[in-house]
Amino acid sequence: MKSQNKYRKFQLQQKNIEALERQNSRFKRVYSEYENMSDELWNLENSSGEPVPDDFINAMILQASYLEDEIEDWLLQFNEKKADIKH
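This structure is a prediction, so every number in the text was calculated from the model and none was measured.

Next up on the list: the UniProt feature "coiled-coil region" (unreviewed entry) in the protein. UniProt marks residues 10-37 with the feature "coiled-coil region" (unreviewed entry), using the numbering shown here. As annotated, residues 10-37 comprises 82% helix and 0% strand, and the C-alpha atoms at either end are separated by 14 Å.

Next comes the structure, spelled out in structure tokens:
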């Protein structure tokens with residue numbers, strides 16, 4: 001049984017992400033890059049092939065964290081706008 005991809009932290013907000021992707025092409029590109037990087041990191045850490053240098057993996061983790069921060073900012077703004085509309 002495969003372990004869950006720990007880099008996919010936005011799964012619970014999928015509806016908001018889909019709405020943002022329809023509204024904002026830049027968000028769509030950033031989120032797509034984050035998904036690709038998350039998948040690649042998970043594959044590298046769970047593969048039994050040739051080991052990858054820690055520096056490379058650490059650089060990918062750092063880049064993924066920058067993308068996460070940007071995605072979180074967008075989601076926060078999106079949720080705030082939704083809350084404003086309801087009031």
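Moving on from the model shown.
Compared with an ideal rise of 1.5 Å per residue, which puts 22 residues at 32 Å, helix α2 (residues 25-46) spans 31 Å between its outermost C-alpha atoms and is within 8% of the ideal. By the burial criterion, the buried members of α2 are Phe27, Val30, Tyr31, Tyr34, Met37, Ser38, Leu41, Trp42 and Leu44. On an axial view of α2, the arc spanned by its buried residues comes to 160°, and they lie on one face. Pointing more than 90 degrees away from the buried face of α2 are the exposed residues Ser25 and Arg29. The N-cap residue of α2 is asparagine 24: its side-chain oxygen and the backbone nitrogen of arginine 26 are 2.9 Å apart.

Cut-off values and rules
Per chain, residues are indexed from 1 in the order of the written sequence. pLDDT decides what is reported in this predicted model: residues at 70 or higher carry local features, side-chain atom pairs at 80 or more are listed and counted, and totals for whole chains, interfaces and linings draw on all residues regardless. Side-chain measures were taken over the full set of non-hydrogen atoms in the model, leaving aside hydrogen atoms and water. UniProt positions are given in the numbering used here, feature names are shortened, and annotations may be inferred rather than shown by experiment. Secondary structure elements are taken from DSSP: a helix is a run of H or I of four residues or more, a strand is a run of E of two residues or more, and numbering for both begins at the N terminus. Expected helix span is computed as 1.5 Å times (number of residues minus one). Between buried and exposed lies partly exposed: a residue is buried under 20% and exposed over 50% of the maximum accessible area for its type, with that area taken using a 1.4 Å probe on protein chains only. Regarding the arc, it is the one traced by the directions from the helix axis to the C-beta atoms. Each polar contact in these results corresponds to two N or O atoms within 3.5 Å; when the atoms are within protein, one needs to be able to donate a hydrogen and the other to accept it, and residues that are neighboring in sequence are counted only if both atoms are side-chain atoms.

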